[in-house]
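Next come the chains, spelled out residue by residue.
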Amino acid sequence: MSKISKDRALAALVRTFFKYFLTGMMEGKDLNDAKVVKQTLLEHYEHISRIYNQEVFYAIARMNYEADEIEAALRSNPTNDLMQLVRLACRTEPFYHAMVEEYKRHFLILLEGRLATSEEASQYTPCKEAGFIDEALAIDIINRMAQNAYSEARKLGM
């Protein structure tokens, strides 16, 4: 089994969310028009973090826990606060910090009216403590994020 670092997988996960969420919101609009991208973001600003937290919770929980472990963690930390659930899914403060930094970085790039370039995407917040994840599992998690982010964004436009 091939493994990749979780911080690299996390960076790809966050980037994927923003790419496919924006693509879903921009359906029928010019994705290369920075003004249109910014306007679309402003129109849906209040939904972005809520949907991000909702989707990233499940994805990151799969990265950091076995199913029975996350169930036990949720039972011992009952909350409806999505940010607290995401923090729990991250398992450690350094991993949570890396996730927050990646969110901020990609959101700021979107506020410029564009997606991250290949060079920007290859630079990410390191978290040496995160460890490694099976590459096939990481790919599955990231692909599901792409589908869910796009689908949730499309619901906003309907």
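The rules behind each value
- Residues numbered from 1 in each chain as written.
- Predicted model: local features only at pLDDT ≥ 70, side-chain atom pairs only at ≥ 80, totals over all residues.
- Heavy atoms only, no water.
- Helix = DSSP H or I, 4+ residues; strand = E, 2+ residues; numbered from the N terminus.
- Buried < 20%, exposed > 50% of the residue type's maximum accessible area, 1.4 Å probe, protein only.
- Contact = heavy atoms within 4.5 Å.
- pLDDT = per-residue confidence, 0-100.
- Axes fitted to C-alpha atoms, helices over the stretch in contact; angles between N-to-C directions.
- Parallel < 35°, antiparallel > 145°, perpendicular 65-115°, else oblique.
- Left-handed = near helix turned anticlockwise from the far one by under 90°.
- Expected span 1.5 Å × (residues − 1).
- Arc of directions from axis to C-beta.
- Polar contact = N/O pair within 3.5 Å; in protein donor to acceptor, adjacent residues only side chain to side chain.

A. Examining the side chain of H106 more closely. Its place among the elements puts H106 in helix α6 (residues 93-111). Residue H106 is classed as buried on the basis of its relative accessible area, which comes to 4%. With residues near it in sequence (within four places) discarded, H106 still touches V14, R15, F18 and A116.

B. Broad picture of the confidence of the model for the protein. On average, the protein scores 92 in pLDDT, and the residues at 70 or more come to 99%. At the low end of the mean pLDDT range in the protein sits helix α4 (residues 67-76), at 84; at the high end sits strand β2 (residues 132-134), at 97.

C. A look at the packing of helix α3 (residues 45-64) against helix α5 (residues 82-90). With their axes 8 Å apart at the nearest point, α3 and α5 run at an angle of 20° to one another. As the angle between them shows, α3 and α5 are arranged roughly parallel. In the crossing of α3 with α5, the sense of the turn from one axis to the other is left-handed. Residues R50, N53, Q54, V56, F57, I60, A61 and N64 of α3 pack against L82, M83, L85, V86, A89 and C90 of α5.

D. Quick peek at the environment of R87. Considering the arrangement of structural elements, one finds R87 in helix α5. Sequence-wise, R87 and M99 are twelve residues apart; in three dimensions their C-alpha atoms are separated by 9.4 Å. In this structure R87 touches E93 and Y96, once residues within four positions along its chain are discounted.

E. Up close: α6. Its 19 residues place the ends of α6 27 Å apart at the C-alpha level, agreeing with the 27 Å of an ideal helix rising 1.5 Å per residue. Restricting attention to buried positions, one finds in α6 the residues F95, Y96, A98, M99, E102, Y103, H106, F107, I109 and L110. Along the long axis of α6, the arc covered by the buried residues comes to 160°, so they all point the same way. The secondary structure elements touched by the buried residues of α6 are α1 (6-25), α2 (34-43), α3, α5 and α7 (118-122). At the N-terminal boundary of α6, the capping side chain belongs to T92, with an oxygen 3.2 Å from the backbone nitrogen of F95. Remark: G113 follows α6 within two positions and exhibits a positive phi of approximately 90°.

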